[in-house]
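Coordinate inspection notes
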Amino acid sequence: MTIVHSCHGNRRPRLTVALALLISLQIATPAWAWGRLGHRVIARITEKSLTPKAKAAIVALLEPGESLGDASTWADENRRRLPKTAPWHYVDVPLDEPRYDARFSGDVSTNGCIVDKIHEFRATLKDPSRSIEDRRFALRFLVHLVQDLHMPLHVGENHDKGGNQTQVRFFTRGSNMHRLWDSGMIEWVSHDEDRWLADLASLDAPEARQAAMRGTVEDWATESLLAAREAYKVPDTGLRLKSGQKLSDAYVNTSLPVVRRRLYQAGVRLAMVLNETFSEPGRGDQRSTSHQE
């Protein structure tokens, strides 16, 4: 994938217009981790590494015709209908903390944070006594939350509601840190899933895959915390980024490799989680009545 590294100077009018339209649309929509494009790209990376058993279990649990990509965006698309699930998508760990810790998981009223819910939904999927509906719900959320966990601003907290309150200038238009990281930079490069998949395939060396498959969910949260800390730094000075900051070429050139790495890691790790979850006999192999009809 060819990435244009300059944020300034002369650009094609089509790019300027497209970027303006993109940002105007983002302002009118909720801030979702990675946005629809990022979630679907991660899901397609995951699909390539699923075992036959995991693939069969997923097909059995999802609605007829529902792909893993469709399932990956379900939690966001139904967020207004399920308002109590909002705290499940993130954990607020102050940027200056050295790592994720369970003390940041929230209180009883939130029913846990993203890390807690990943463990909970995985346990639900492993429990054959749970209903098809419960396990379908758990699968959709597990897929989505493992992806969300890899978006740095869903872990690192700068007292700005996950970046939503920190305004920035990206190119010549305004946005905020959350929109920039969930979809702004991704869609600036390309709106095309296939193009992103081709680009991220270049990261899939054996050593990179092995490295991505190491660690725990808690370790992955710490990685996002450290990435968020860097995301709030001005590359030219090392100072903490402030609201209203105009982002330089250096910022984009520093941040895009992080976006690429986190998308790739999320895809590989989600496949690992699903393969392990469905590795035991009898997990997810029962179809609902609607599937049998």
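Keep in mind that this is a model prediction, so the values were computed, not measured.

The rules behind these values
- Residues numbered from 1 in each chain as written.
- Predicted model: local features only at pLDDT ≥ 70, side-chain atom pairs only at ≥ 80, totals over all residues.
- Heavy atoms only, no water.
- Buried < 20%, exposed > 50% of the residue type's maximum accessible area, 1.4 Å probe, protein only.
- Helix = DSSP H or I, 4+ residues; strand = E, 2+ residues; numbered from the N terminus.
- Pairing = 2+ DSSP bridges.
- Expected span 1.5 Å × (residues − 1).
- Core = buried A, V, L, I, M, F, W, Y, C linked by side-chain atoms within 4.5 Å.
- Contact = heavy atoms within 4.5 Å.
- Phe/Tyr/Trp six-rings, centres within 6.5 Å; stacked < 30°, edge-to-face > 60°.
- Lys NZ or Arg CZ within 6 Å of the ring centre and 35° of its normal.

Turning next to the pairing of strand 3 (residues 167-170). Side-chain alternation along strand 3 places Val168 and Phe170 on a buried face and Gln167 and Arg169 on a face that remains uncovered. Of the pairings in the sheet, the one linking strand 3 to strand 4 (residues 173-176) comprises four bridges and is antiparallel in character. Directly across from Arg169, in strand 4, lies its bridge partner Gly174. Remark: two residues form the turn of the hairpin made by strand 3 and strand 4, two consecutive strands paired antiparallel; Phe171 in that turn has positive phi of roughly 60°. Of the pairings in the sheet, the one linking strand 3 to strand 5 (residues 245-246) comprises two bridges and is parallel in character. Bridge pairing in strand 5 links Arg169 to Lys246.

Moving on to helix 11 (residues 249-277). For helix 11, spanning 29 residues, the distance from its first C-alpha to its last is 42 Å, which sits close to the expected 42 Å at 1.5 Å a residue. The element helix 11 is largely enclosed, with a buried count of 22 among its 29 residues.

Membership of the largest hydrophobic core comes to 43 residues, with the highest contact counts inside it found for Leu139, Leu149, Leu274 and Phe278. The element contributing the most residues to this core is helix 6 (residues 132-149), with nine residues. In this structure Leu139 touches Ile58, Leu61, Leu62, Leu125, Leu274 and Phe278, once residues within four positions along its chain are discounted. Ile42, Ala227, Ala231 and Val258 belong to the second-largest nonpolar core, a separate cluster that totals 35 residues.

Bringing helix 2 (residues 35-47) into the picture now. Given a rise of 1.5 Å per residue, 13 residues ought to cover 18 Å, and the 19 Å separating the end C-alpha atoms of helix 2 matches this to within 8%. With 10 of its 13 residues buried, helix 2 lies for the most part within the structure. Residues of helix 2 that are buried include every one of Gly35, Leu37, Gly38, His39, Arg40, Val41, Ile42, Ala43, Ile45 and Thr46, and no others. Check the buried side of helix 2 and you find it contacts helix 4 (68-77), helix 6, helix 7 (177-189), helix 8 (193-201) and helix 11.

Overall, mixed pairing links the three strands, which are arranged 4-3-5 in an open sheet. Here the strands that pair on one side only, and so sit at the sheet edges, are strand 4 and strand 5.

On to the packing of aromatic side chains, then. As enumerated under the stated definition, the model contains 11 aromatic pairs in all. Ring plane angle 70° and centroid distance 5.3 Å describe the contact between Trp88 and Phe141, whose orientation is recorded as edge-to-face. Highlighted residues: Trp88 in the loop between helix 4 and strand 1 (93-94) and Phe141 in helix 6, separated in sequence by 53 residues. By relative accessible area, Phe141 is classed as buried at 0%. Plain terms: the ring middles of Phe121 and Phe141 are 5.5 Å apart, the flat faces sit at 25° to each other, and that makes the pair stacked. One end of the pair, Phe121, is in helix 5 (residues 114-126); the other, Phe141, is in helix 6, with 20 residues separating them in the sequence. Among the aromatic residues, those joined into a ring-pair cluster are Trp74, Trp88, Phe121, Phe137 and Phe141. The cationic tip of Lys117 hangs over the ring face of Trp88; the distance from NZ or CZ to the ring centre is 4.0 Å.

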